[in-house]
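Chain by chain, the residues:
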Amino acid sequence: GQQVMQIPQYQHVQEGEDFTTYCNSSTTLSNIQWYKQRPGGHPVFLIQLVKSGEVKKQKRLTFQFGEAKKNSSLHITATQTTDVGTYFCADPRGYQKVTFGIGTKLQVIP
Amino acid sequence: DAGVIQSPRHEVTEMGQEVTLRCKPISGHNSLFWYRQTMMRGLELLIYFNNNVPIDDSGMPEDRFSAKMPNASFSTLKIQPSEPRDSAVYFCASKPGQGYGANVLTFGAGSRLTVL
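Residues numbered from 1 in each chain as written. Chains lettered and ligands numbered in written order. Predicted model: local features only at pLDDT ≥ 70, side-chain atom pairs only at ≥ 80, totals over all residues. Heavy atoms only, no water.

S.K.: It is not clear to me how the overall build of chain B should be interpreted in this structure. Could you clarify?
M.R.: A count of helices and strands for chain B gives zero helices and 11 strands. Starting at the N terminus and ending at the C terminus, chain B contains elements arranged as β-β-β-β-β-β-β-β-β-β-β. Taking 2.2 N^0.38 as the reference for a compact globule, 116 residues should give roughly 13 Å; the C-alpha atoms of chain B span a radius of gyration of 14 Å, in line with that estimate. Across its three principal directions, the C-alpha atoms of chain B cover 45 × 25 × 25 Å. Sorting the 116 residues of chain B into buried and exposed places 51% on the buried side. (Helix = DSSP H or I, 4+ residues; strand = E, 2+ residues; numbered from the N terminus. Rg over C-alpha atoms; globule rule 2.2 N^0.38 Å. Buried < 20%, exposed > 50% of the residue type's maximum accessible area, 1.4 Å probe, protein only.)

Written out as structure tokens, the structure reads:
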């Protein structure tokens, strides 16, 4: 079935460096969501993108939805230790079930 | 709002025992999801309900797993008999299904299951 593929699975960065995670689908997505899970915690919703080419910002986080609505990215500028966690993209397929990518685990080295 | 409430938070049991995980969704949410999270497989969707009705259980690993939602405020995930490979964190999540944020999942804190 349709899956969202996410890369990289792991990323270590020095504090202050930028970080990007990518999400790709073989088919067109209606929209895409991003969640963050802190170590030992549960996934928490960050944002949903709906429109082709959409770009949204939340402070140091920038989310993009591709023109063909088959890919998305999350970029963090100047990472901080509070950014540590696993970032998931999710496909809320047809407003029914929500399927998650494998996630990108971010470690920030102080 | 108390959010999605799961119990127990931690469960350690022996192989062959029955395990029941419980979930109370957010009041007014009409969709409920059960996920399993492991290092190897990430967040796997096991089953989801709309208006208390199971819609898709294709993610349920095998007949040892069963889920019920007898009413809008309660769901259970049962494993009988449990096996060591069932060890994982099980998350329950709910979403409104309509209106603002219709498709946004709110997760519970999870139930960490260890089967010895």
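S.K.: For this particular structure, what's the right way to read the interface of chain B and chain A?
M.R.: As a measure of interface size, the accessible area lost when the parts come together is often cited. In this assembly, 22 residues from chain B lie in contact with 18 residues from chain A. Regarding the contact of chain B and chain A, the summed buried area is about 1600 Å², with carbon and sulfur atoms giving 56% of it. In terms of surface lost to chain A, no three residues of chain B exceed L43, N103 and F107 of chain B, which account for 34% of the buried area on that side. Close ionic contact of K97 of chain A with D56 of chain B constitutes a salt bridge, the shortest N to O distance being 2.8 Å. Taken together, chain B and chain A are joined by six residue pairs in polar contact (both at pLDDT 80 or more). Breaking the side of chain B that touches chain A down by element, the ones donating at least two residues are β4 (31-38), β5 (42-50), β6 (53-56) and β9 (88-95) of chain B. (Contact = heavy atoms within 4.5 Å. Buried area = accessible area lost by both parts, 1.4 Å probe. Salt bridge = Lys/Arg side-chain N within 4 Å of Asp/Glu carboxyl O. Polar contact = N/O pair within 3.5 Å; in protein donor to acceptor, adjacent residues only side chain to side chain.)

S.K.: I would appreciate a short explanation of a nonpolar patch on the surface in the present structure.
M.R.: A contiguous nonpolar surface patch, about 430 Å² in accessible area, is contributed by Y10 of chain A together with M39 and M40 of chain B. Tracing the chain through its elements places M40 of chain B in the loop between β4 and β5. (Patch = residues over 30% accessible without salt bridge, like charges linked within 9 Å, V, L, I, M, F, W, Y side chains within 5 Å. Areas by Shrake-Rupley, 256 points an atom, 1.4 Å probe, with all protein chains shown as cover.)

S.K.: For this particular structure, what's the right way to read the sheet that holds strand β8 (residues 74-79) of chain B?
M.R.: All names here are of chain B. Ordered in space as β1-β3-β8-β7, the four strands form an open sheet in which the pairing is antiparallel. The open sheet is flanked by β1 (5-7) and β7 (65-71), the only strands paired with a single partner. Neighbouring strand axes in the sheet, compared pairwise and without regard to direction, differ in orientation by 15° on average. Sheet analysis places strand β3 (residues 19-24) next to β8, joined by five bridges and oriented antiparallel. (Pairing = 2+ DSSP bridges. Axes fitted to C-alpha atoms, helices over the stretch in contact; angles between N-to-C directions.)

S.K.: Sorry if this is basic, but what is going on with the state of the cysteines here?
M.R.: Disulfides are covalent bonds that connect the sulfur atoms of two cysteines. All names here are of chain A. The full count for this structure, using the stated rule, is two disulfides over all chains. Residue pairing for C23: its cysteine sulfur links by disulfide to C89, the two sulfurs lying 2.0 Å apart. The sign of the 70° torsion about the S-S bond sets the C23-C89 disulfide as right-handed. Residue C23 is located in strand β3 (residues 19-25), and its partner C89 is located in strand β9 (residues 85-92); the two are separated by 66 residues in the primary sequence. Judged by its relative accessible area of 1%, C23 is buried. (Disulfide = S-S within 2.5 Å.)

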